[in-house]
Amino acid sequence: MSSLEKIINELSLHEKEVLLSLHSFEGKSTPEDIAKNDVGSLVKVMNASSWLQSKGIVDIHEKLETIYSLTKEGKKFLTQGMPERQALTELINSNGQIDLDTLGSKIGKDNLAIALGWLKKRDWATLQSKDNKKVILITPQGKKDAQHNTQDEDALKSLKEGSSIQGTSVSSLKKRGAIKEKEKILRTISLTQKGKNILKKGLDITDVLSQLTPELIQTGKWKTATFRPYDVSAFVPSLYGGKKHPLTQLIDKIKSIFVGMGFQEIAGNYVESCFWTMDVLFIPQDHPARDLQDTFYCKQPPRMPVDKHLLDSIANVHENGGSTSSTGWQYKFSKKEAQKSILRTHTTVNTIRYLYEHPDPPSKIFQIGKVFRRENIDSTHLPEFQQVEGIVHEKNANFCQLIGILKEFYHQLGFEKLRFRPAYFPYTEPSMEVEVQWHGKWMELGGSGIFRPEVTEPLGIKETVLAWGLGLERIAIMYLGLNDIRELYFSDLDWLKKLPLL
Ligand code: PHE
């Protein structure tokens, strides 16, 4: 038997089918087209093809292609128009001039902030003060561009119509969260000269044995049968088992680190009073963080009950220092303001209530929970994010110990290069920020410090309290190698499936 005949004899049924199919495609095709040509599933085609490749009968050529698709945001841009386009249209409709509030009410407050940035960037309008009002005026460029789509808008349209896009719009739309990127491997299979020679000889569509059956053994037929050899490097489909969401896995890991360091977990409610979230923490009532722009105030319940005695004593601390040796903030404290209900802006609210309820040391407490702030969404900010918060309350606790605990925590997570910088929080002194080095840049992870006497004394807390509140999502994107915090919540099934266990 010639060596070519020997090779032909050892071909499996699927291999022969792929070869015949390739023949009908004039020697070159994609696995998808071969599968359509009635050879069976893609997996079978790829399996047979990698066998054929290992025998030098076909070549498999792979090319990586980047594919873009519209995100929810991108689809919104298409149906409602990009914020700057909406603003430009309003400007045109009002003869090139509109005041800021009117524009805000027409296109929505969230859109307004984004639109203003882009109006300026695209040189479509200028912002001016007129009679104590902020007014937006269209520029000649704005008038010109009102007539036609921007490159970004054209790109969004192309994507919707199924065409591919490239150029500067890709990065700009990616940054704005309008499109997402996926990599796809494109394969072509082609006959080699050897493959062509085989087809010239002709193929007989019968199978060689690929499995040893009880019958073959019992009858002794196995002794004369031809078996197909095994290839351990052959293509097999990937199997993806069920697993926890990566963020949940990370939370589990963080919990086990703190539990391992002797901490106990606590939790609390999302809706809280200003009193427990801010006032007991000595945050003055005119602090910018308490603005409508930063905090979500709740309509229901409008007020939350606060212990009258405690409210009086905290009011005194703010006004003149009360029973502490501080002089306080020296302003008129509003008890009404203190009782307003809000979505908690930090998890420190639970920490401080826990300390009030457990004033006797020692305690080591941690929690991981959602907090809410009126942030515009971008690659590093979300209006709803999670904090990793903790305290150590014990006699002689000190600042070095705080640094040590945070270092130990991040080291256990695998972050080596940390730095601590002085910071300011109204409720701690001294205060510091933790930063970690990531891709050569320092990334801010959260705040920490020692609670001030204005916080601890009125609540009857006996000893020194070391406290910290760290961002969970920032840790997560570094951990998972993401560039954008939003990707954590996209629930891209492809990404989730392929992600290894943490
Ligand atoms: N509450 C702070 C924040 O939300 C973090 C912090 C917690 C700072 C405890 C000091 C002490 O950013």
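Here's a quick rundown of the structure. (Residues numbered from 1 in each chain as written. Predicted model: local features only at pLDDT ≥ 70, side-chain atom pairs only at ≥ 80, totals over all residues. Heavy atoms only, no water.)

## Description of the overall build of the protein chain
Reasoning step 1: Looking only at helices and strands, the protein chain features 22 helices and 15 strands.
Reasoning step 2: Rg of the C-alpha trace for the protein chain: 33 Å, well past the compact-globule value of 23 Å for 502 residues, more than 25% over.
Reasoning step 3: The C-alpha extent of the protein chain, read off along each of the three principal axes, is 105 × 70 × 40 Å.
Reasoning step 4: The burial tally for the protein chain puts 44% of its 502 residues in the buried class.
Reasoning step 5: A separation threshold of at least 6 residues defines the contact pool for the protein chain, and within that pool the share at least 24 residues apart is 68%.
Reasoning step 6: A gap of 3 Å separates the mean positions of the 67 positive and 62 negative side-chain charges of the protein chain. (Helix = DSSP H or I, 4+ residues; strand = E, 2+ residues; numbered from the N terminus. Rg over C-alpha atoms; globule rule 2.2 N^0.38 Å. Buried < 20%, exposed > 50% of the residue type's maximum accessible area, 1.4 Å probe, protein only. Contact = heavy atoms within 4.5 Å. Lys, Arg positive; Asp, Glu negative; His and termini not counted. Charge placed at Lys NZ, Arg CZ, Asp CG, Glu CD.)

## Looking at the site of the ligand
Reasoning step 1: Looking at the ligand, there are 13 residues lining it, with His346, Thr348, Arg373, Gln387 and Tyr427 nearest.
Reasoning step 2: Separating a nitrogen atom of the ligand from a side-chain N or O atom of Thr348 is a distance of 2.9 Å.
Reasoning step 3: A distance of 2.8 Å is found between an oxygen atom of the ligand and a side-chain nitrogen or oxygen belonging to Arg373.
Reasoning step 4: The protein chains hide 92% of the 320 Å² of surface that the ligand would expose on its own. (Near = heavy atom within 4 Å. Polar contact = N/O pair within 3.5 Å; in protein donor to acceptor, adjacent residues only side chain to side chain. Areas by Shrake-Rupley, 256 points an atom, 1.4 Å probe, with all protein chains shown as cover.)

## Focus on the side chain of Glu84
Reasoning step 1: Topologically, Glu84 is positioned in helix α6 (residues 83–93).
Reasoning step 2: Engagement of the side chain of Glu84 in a polar contact is seen with the side chain of Arg122, the distance being 3.5 Å.
Reasoning step 3: Residues within four places of Glu84 in sequence aside, it is in contact with Ala115, Trp118, Leu119, Arg122, Trp124 and Arg176.

## A short note on the sheet that holds strand β13 (residues 428–438)
Reasoning step 1: Read from one edge to the other, the open sheet built from seven strands follows the order β7-β10-β11-β15-β14-β13-β12, with strand pairing classed as mixed. The open sheet is flanked by β7 (264–265) and β12 (418–425), the only strands paired with a single partner.
Reasoning step 2: Across the sheet, helix α21 (residues 472–480) touches β10 (363–372), β11 (384–393), β13, β14 (441–451) and β15 (465–471), and the angle it forms with β14 is around 150°. (Pairing = 2+ DSSP bridges. Axes fitted to C-alpha atoms, helices over the stretch in contact; angles between N-to-C directions.)

## Focus on helix α10 (residues 151–160)
Reasoning step 1: When α10 is considered as a whole, its buried residues turn out to be Asp152, Glu153, Ala155, Leu156 and Leu159. Looking straight down α10, one finds that the buried residues subtend no more than 160° of arc, so they occupy a single side.
Reasoning step 2: In this structure, the buried side of α10 is in contact with β2 (58–70), α5 (72–80), α6, α11 (168–175) and β6 (179–191).
Reasoning step 3: Of the residues flanking the end of α10, it is Gly162, one or two places downstream, whose phi is positive at about 90°. (Arc of directions from axis to C-beta.)

## Things to note about the packing of aromatic side chains
Reasoning step 1: In the structure shown here, the tally under the stated rule is 14 aromatic pairs.
Reasoning step 2: When the centroid spacing of 5.8 Å and the interplanar angle of 75° are considered together, the rings of Phe263 and Trp468 count as edge-to-face. Taken together, the residues Phe263 in the loop between α14 (246–260) and β7 and Trp468 in strand β15 connect sequence positions 205 residues apart. Like Trp468, Phe263 is buried.
Reasoning step 3: Judged by centre distance (5.5 Å) and plane angle (85°), the rings of Phe275 and Trp276 are edge-to-face. There is no split in this pair, since Phe275 and Trp276 are both buried.
Reasoning step 4: A cation over a ring is seen here: Lys121 above Trp118, with NZ or CZ 4.4 Å from the ring centre.
Reasoning step 5: For the cation-ring pair, Lys364 lies above Phe263, with the distance from its terminal atom to the ring centre recorded as 5.0 Å. (Phe/Tyr/Trp six-rings, centres within 6.5 Å; stacked < 30°, edge-to-face > 60°. Lys NZ or Arg CZ within 6 Å of the ring centre and 35° of its normal.)

## A look at unusual backbone geometry
Reasoning step 1: For the peptide bond that leads from Pro361 to Pro362, omega is -5°, which places it in the cis range.
Reasoning step 2: With respect to the element layout, Pro362 can be found in the loop between α18 (348–357) and β10.
Reasoning step 3: Residue Pro430 follows Glu429 across a cis peptide bond; omega there is -5°.
Reasoning step 4: Relative to the helices and strands, Pro430 resides in strand β13.
Reasoning step 5: Phi at Gln330 takes a positive value of approximately 60°, unusual for a residue other than glycine.
Reasoning step 6: Its location among the elements puts Gln330 in the loop between α16 (308–320) and α17 (335–339).

## Describing the side chain of Ser172
Reasoning step 1: Within the element layout of this structure, Ser172 appears in helix α11.
Reasoning step 2: Aside from chain neighbours lying at most four places away, what touches Ser172 is Trp118 and Asp152.

## Focus on the sheet that holds strand β1 (residues 28–29)
Reasoning step 1: Strand order across the open sheet formed by three strands is β1-β6-β2, with antiparallel pairing between neighbours. Either end of the sheet is taken by a strand with one partner, and the two such strands are β1 and β2.
Reasoning step 2: This element, helix α4 (residues 42–54), spans β2 and β6 of the sheet and lies at about 140° to β2.
Reasoning step 3: Strand contacts of α10: β2 and β6, with the helix running at about 125° to β2, the strand carrying the most contacts.

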